Amino acid sequence: MAALDIHGLRKAFGGNVIIPDVTLALEPGLITSLVGPNGAGKTTLFNLITGFLRPDAGSVHYKGSDLVGLSPQRVTRLGIARSFQDLRLFNEMTVFENVLVAQESSFRLWTRAAACRHTDAVLERVGLADKRDTRAMDLSYAERKFLNLARIMALDIDLFLLDEPASGLDGPSRTTFHTLLQSLKDEGHTVLLIEHNLDIVREVSDRIAFLNKGEVMAFDTPERIFANERLTDLYFGTAGRPAEAASC
Ligand SMILES: Nc1ncnc2c1ncn2[C@@H]1O[C@H](COP(=O)(O)OP(=O)(O)OP(=O)(O)O)[C@@H](O)[C@H]1O
Ligand SMILES: [Mg+2]
């Protein structure tokens, strides 16, 4: 059974069809990267899956339920969390508070002491334990990215949808990111990752879904996708310029 089964999903804004017809099944326990040029519809697809947008047609099945029509809170409660391309942190709050507050949205009944212990464990995991009492606004760029990740890792979640979590990270931070992703996979989580950096995509992905103009043009292993010249031409464009990470 697929970890997420998207069938015939369609979305138009006004008369502009952004997602004509997406069908995609995520294999459980794998990291699937969703790649494609700027404006391909990747973030829109996340919004449709997680209840931030309602599709015009189609279904999104997760553990036997159709997610279409559910609120984002309800989708999270079922076990799906997503990160946003723009970091949505509480700048005036400390690192610890940012994660603790996020955890409250998991609807899990923690005692205060258990919630604090869990928050500290997550901060340790993402390498932010020593920044526990630092305000989010005083963190470096990479630290803010890891705090953003910690906020969803603190939830009781099976499926992670990550929108450009590694954009702008330097070499060592990318290694930390890779280790974190691998640890999520080792725990049996399923990850759908939007990423523009093809080196990262190649390193971390078990599968790649290639999205262009709102259509899944290919779904395959990294080896096969990278060997497909038609797709690389589409990605890099006729001018030979790579798609850029809009959030950088
Ligand atoms: N709420 C909206 N109303 C109208 N148009 C929208 C809306 N959201 C997205 N779009 C349009 O849909 C298209 C796809 O946008 P989307 O943000 O999903 O692309 P993306 O693949 O995530 O791109 P990027 O790699 O730059 O983040 C774009 O042309 C965008 O302008
Ligand atoms: Mg996007």
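In this report, we go over the structure that sits alongside the text. Small disclaimer: the values here were computed from a predicted structure and weren't measured.

Reading the values: the criteria
Residues numbered from 1 in each chain as written. Chains lettered and ligands numbered in written order. Predicted model: local features only at pLDDT ≥ 70, side-chain atom pairs only at ≥ 80, totals over all residues. Heavy atoms only, no water. Near = heavy atom within 4 Å. Polar contact = N/O pair within 3.5 Å; in protein donor to acceptor, adjacent residues only side chain to side chain. Areas by Shrake-Rupley, 256 points an atom, 1.4 Å probe, with all protein chains shown as cover. Helix = DSSP H or I, 4+ residues; strand = E, 2+ residues; numbered from the N terminus. Nonpolar A, V, L, I, M, F, W, Y, C, P; charged D, E, K, R; others polar. Core = buried A, V, L, I, M, F, W, Y, C linked by side-chain atoms within 4.5 Å. Buried < 20%, exposed > 50% of the residue type's maximum accessible area, 1.4 Å probe, protein only. Domains from an automatic or database assignment. Contact = heavy atoms within 4.5 Å. Donors = N, O, S within 2.8 Å, 3.2 Å for Na, K, Ca; no water. Axes fitted to C-alpha atoms, helices over the stretch in contact; angles between N-to-C directions. Parallel < 35°, antiparallel > 145°, perpendicular 65-115°, else oblique. Pairing = 2+ DSSP bridges.

**Examining the site of ligand 1**
Neighbouring residues of ligand 1: 14 residues in total, closest Gly39, Lys42, Thr44, Gln85 and His196. Backbone polar atom of Ala40 to an oxygen atom of ligand 1: 3.1 Å apart, as the coordinates give it. Between ligand 1 and Gln85, the relevant distance is 2.8 Å, taken from an oxygen atom to a side-chain nitrogen or oxygen of the residue. Starting from 640 Å² of accessible surface for ligand 1 in isolation, the protein chains cover 62%. Broken down by element, the shell around ligand 1 gets its largest block of residues, three residues, from helix α1 (residues 42-49). Partitioning the shell around ligand 1 into residue classes produces five nonpolar, seven polar and two charged.

**Quick word on the nonpolar core**
Within the largest apolar cluster, 37 residues are counted, with the highest numbers of intra-cluster contacts made by Phe146, Leu147, Met153, Phe160, Leu162, Phe177 and Leu181. Elements represented by at least two residues in this core include exactly α3 (95-104), α4 (112-125), α5 (141-153), β7 (159-163), α6 (171-186), β8 (190-194) and α7 (198-204). In terms of residues, this core owes the most to one element, α5, which gives seven residues. Domain assignment of the residues forming this core places at least three in each of domain 1 (1-79 + 158-170 + 186-248) and domain 2 (87-156). The contact partners of Phe146, leaving out residues within four places of it in the chain, are Val126, Leu128, Leu169, Ser173, Thr176, Phe177 and Leu180. Counting 25 residues, the second-largest nonpolar core is a separate cluster that includes Leu9, Leu67, Leu159 and Ala209.

**Focus on the coordination of the magnesium ion (ligand 2)**
Taken together, the protein donors to the magnesium ion (ligand 2) comprise Thr43 (OG1) and Gln85 (OE1), at separations of 2.1 to 2.4 Å. Separated by 42 residues along the polypeptide, Thr43 in helix α1 and Gln85 in the loop between β6 (80-82) and α3 bring together distant segments of the chain.

**Some remarks on the packing of α5 against α6**
Packing of α5 against α6 brings their axes to within 11 Å, and their N-to-C directions diverge by 10°. With respect to α6, the axis of α5 lies roughly parallel. Residue-level inspection shows Ala142, Phe146, Leu149 and Met153 of α5 in contact with α6, the latter providing Ser173, Thr176, Phe177, Leu180 and Leu184.

**Details of the pairing of strand β3 (residues 31-35)**
β3 sits mainly inside the fold: five of its five residues count as buried. Residues Ile31, Ser33 and Val35 of β3 are buried on one face, and the alternating residues Thr32 and Leu34, pointing to the opposite face, are buried as well. The pairing of β3 with β8 spans four bridges and is parallel. Opposite Leu34, over in β8, you have Ile194 as the bridge partner. Pairing of β3 with strand β9 (residues 207-212) involves four bridges; the strand directions are parallel. When the bridges of β9 are listed, Thr32 appears paired with Arg207.

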